[in-house]
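Listed below are the residues making up each chain.
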Amino acid sequence: MNMRLFALSLTLLTTGLLSACNKDESTTLVSEKPASEHVGNASELQAQPSTINIRTRIRLSDIQSMIETELPASQDGNGEQRQCKRVLGIKLCGTAQWLYNVKRGTITTSAADDDRLELQIPLSFSGNAGIQGDVAKALRLGKLDFDGALLGNVKIGFDLDEQWCPLIRTQVEYQWQKKPEVKWVAGLDMDLSDQLDKAIKKQLDGLDNKLKEAIDCEKFKTNIAEHWRKYTFPISVTEADKMHLNLQPVSFAFSGMHTNEEFAGVSFTLVANTLLESTPVEQTQEALPPLKRTEYKPGQSVFEFLIRSNYDQLAELAKPVVANKTFSNDTAAGPVSVTVNDLDLSGNNEGITLKLGFDAKLPGKRRLSKGEVYLTASPEVDLLSQEISLTNIRLSKVLDSTMWNAVASLFEGKIIKAIEEQTLWDVHQQIEELEAELLTQLNDPTKTQGLEISAQTLEIALKQLLPEQNALAALLSVETDMDIVIPDTVLIKQR
């Protein structure tokens, strides 16, 4: 045999051996991959009404600080005006000049009996006025000094009617602490209490009606209506999460203003339909519903959101139970062993798909047989422990009955049982971490724009599971009692 013929024969022999080896090493597809074209997604979750109750309060001491900031402790003023008057047919002119100072004392705030805010504002004033020129000489007018002091008492209440129109209840009273007097240079004093009382009373009469006329109800409602619309909030728990919490407001209730020894505040309740969807909702404006009433009490809110764990993460949790482990059994045909070398998870139309790659040592065969099997499982949550596991694991449509019959006893008796006994996802631990994180953020003024949010309790519970194609979605409900206090630093900054 020449060398060329020998090389050709060797090549053919090697190719044949490799082909035989590849044939022995080929992987048998034991069962069919379950369909996933119509796998569930979060948009299949039904819209749930979420109730957000919040009580917002302002310390009376902070209201006092804000008013003292807005009203200066002392204010000066002056002016002049040219005046002319005919005396005995002769036109005499002069310039009226005045100078005054108003001082504000310490403001006190308290709660009135009828849930109105009561302010006491002490004011004192002094100054002088006079006329320079011919008029002053003709009428013998010199420089006039004046002073006085009063204690103002202002009560303010706020509410909204059923049509969202603001209702402001005011009451202003005052008492003279020092009667206003004008002192002539010549020594003659004049008490101006009666004249000033008439002037002040004229200004205060009908104050409520004047305020109502000054407030444009339709403009107020228009401003509110601009915010009464659908909202969408992206929910990003994982990098792959592209879901949106779409919110549609349904009703709004208001308590009106309430006061006590320490606070003035309001409570409101927003009821909205919340839906978790893969696309954001169009943020269209809705018609304002009639305003309802709610109690003035700490707010209790119940709302929902979605978290996901992708199947690659869940597979890593499940792999230690079966991956790289050998399961053995004695059968009538002889001993059988299966070593699981790979585990993948995905979603299907009935639940979760488990794809297991394995090597099987079968009776009568010297070489290992490679196979892949698809199983379908149902995710199930333990409501007490908040742990998710896989149950009702079953075989998909069999494609190779010979291989399956050889390994069925191991899968059904040991491998499937091991997977079912394993916790797939410990939601309880994740929920505890989430609760702690939310409480920390809610109670941190640097995270809440300076608002003092009191959320002592916050409970999260798993309500529903939904297998998606690439992740297992868990719908969580959140319940919390929430009080919000607006400090004076925020009030003054906002103004």
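Below is a summary of the structure that appears in this document. The model shown is predicted, which means the values in this text are computed figures rather than measured ones.

Conventions we followed
Residues numbered from 1 in each chain as written. Predicted model: local features only at pLDDT ≥ 70, side-chain atom pairs only at ≥ 80, totals over all residues. Heavy atoms only, no water. Pairing = 2+ DSSP bridges. Helix = DSSP H or I, 4+ residues; strand = E, 2+ residues; numbered from the N terminus. 1 Å grid on protein atoms, 1.4 Å probe; cavity = no way out; pocket = protein on both sides within 12 Å on 5 of 7 lines; lining within 4 Å. Points joined across faces, edges and corners; volume = space filled by probe spheres on them. Nonpolar A, V, L, I, M, F, W, Y, C, P; charged D, E, K, R; others polar. Buried < 20%, exposed > 50% of the residue type's maximum accessible area, 1.4 Å probe, protein only. Salt bridge = Lys/Arg side-chain N within 4 Å of Asp/Glu carboxyl O.

### Brief notes about the pairing of strand S19 (residues 369-382)
Logical step 1: Where strand S1 (residues 27-29) lies against S19, 3 bridges are found, and the strand directions are parallel. Residue pairing for S19: leucine 29 is matched across the bridge by glutamate 372.
Logical step 2: Direction of pairing for strand S18 (residues 352-361) relative to S19: antiparallel, over a ladder of 9 bridges. In the strand pairing of S19, leucine 356 is matched with valine 373.
Logical step 3: Two elements, S19 and strand S20 (residues 387-395), share 7 bridges in a ladder whose sense is antiparallel. Across the sheet, the residue bridging to threonine 376 is arginine 394, located in S20.
Logical step 4: Linking S19 back to S20 in an antiparallel pair, the connection comprises 4 residues, with glutamine 386 at a positive phi of about 55°.

### A closer look at empty space enclosed by the protein
The gaps left among the atoms become clear once a water-sized probe is rolled over them.
Logical step 1: What the rule picks out here adds up to 1 cavity of 30 Å³ or more.
Logical step 2: Roughly 50 Å³ of internal volume is contained in the largest cavity.
Logical step 3: Taken together, Ala318, Val321, Ser389, Leu390, Ile419, Gln422 and Leu424 make up the lining of the largest cavity.
Logical step 4: Contributing elements (two or more residues each) for the lining of the largest cavity: helix H7 (311-322) and S20.
Logical step 5: Residues belonging to the lining of the largest cavity are distributed by class as follows: 5 nonpolar, 2 polar and no charged.

### Quick look at unusual backbone geometry
Logical step 1: If you check the backbone angles, asparagine 324 has positive phi at about 60° while not being a glycine.
Logical step 2: Tracing the backbone through its elements, the reader meets asparagine 324 in the loop between H7 and strand S16 (325-331).
Logical step 3: Within the chain, asparagine 392 stands out as a residue other than glycine whose phi angle is a positive 50°.
Logical step 4: Here asparagine 392 shows up in strand S20.
Logical step 5: With relative accessibility at 47%, the residue asparagine 392 sits in the partly exposed group.

### Quick word on the pattern of salt bridges
Logical step 1: The tally for this structure, following the rule as stated, stands at 9 salt bridges.
Logical step 2: The salt bridge partner of aspartate 114 is arginine 169, with a shortest N-O separation of 3.8 Å. One end of the pair, aspartate 114, is in the loop between strand S5 (108-111) and strand S6 (117-133); the other, arginine 169, is in strand S8 (residues 166-183), with 55 residues separating them in the sequence.
Logical step 3: Accessibility expressed as a relative area gives 32% for aspartate 114, which makes it partly exposed.
Logical step 4: Arginine 169 sits in the partly exposed class, given a relative accessible area of 38%.
Logical step 5: In this structure, the salt-bridge partner of lysine 370 is aspartate 359, at a minimum N-O distance of 2.9 Å. Placement of lysine 370 in strand S19 and of aspartate 359 in strand S18 is noted, with a sequence separation of 11 residues between them.
Logical step 6: A residue is classified by how much of its surface remains accessible, and lysine 370, at 25% relative accessible area, is partly exposed.
Logical step 7: Taking relative accessible area as the criterion, aspartate 359 reaches 16% and is therefore assigned buried.

### Description of the layout of surface pockets
Logical step 1: Taken as a whole, the largest pocket encloses approximately 1400 Å³ of empty space.
Logical step 2: In terms of lining residues, the largest pocket is bounded by 44 residues, among which Ile52, Ile54, Phe233, Leu247 and Phe303 are the most central.
Logical step 3: Of the residues in the lining of the largest pocket, the class split is 32 nonpolar, 9 polar and 3 charged.
Logical step 4: Taken as a whole, the second largest pocket holds about 520 Å³ of empty space.
Logical step 5: Lining the second largest pocket are 19 residues, with Ile58, Ile63, Met66, Leu117 and Met257 sitting closest to its centre.
Logical step 6: Of all the secondary structure elements, the ones that give two or more residues to the lining of the second largest pocket are strand S2 (48-59), helix H2 (60-70), S6, strand S7 (144-160) and strand S13 (263-277).
Logical step 7: Broken down by element, the residue count for the lining of the second largest pocket peaks at 4 residues, all from H2.
Logical step 8: Class assignment of the residues belonging to the lining of the second largest pocket gives a composition of 15 nonpolar, 2 polar and 2 charged.

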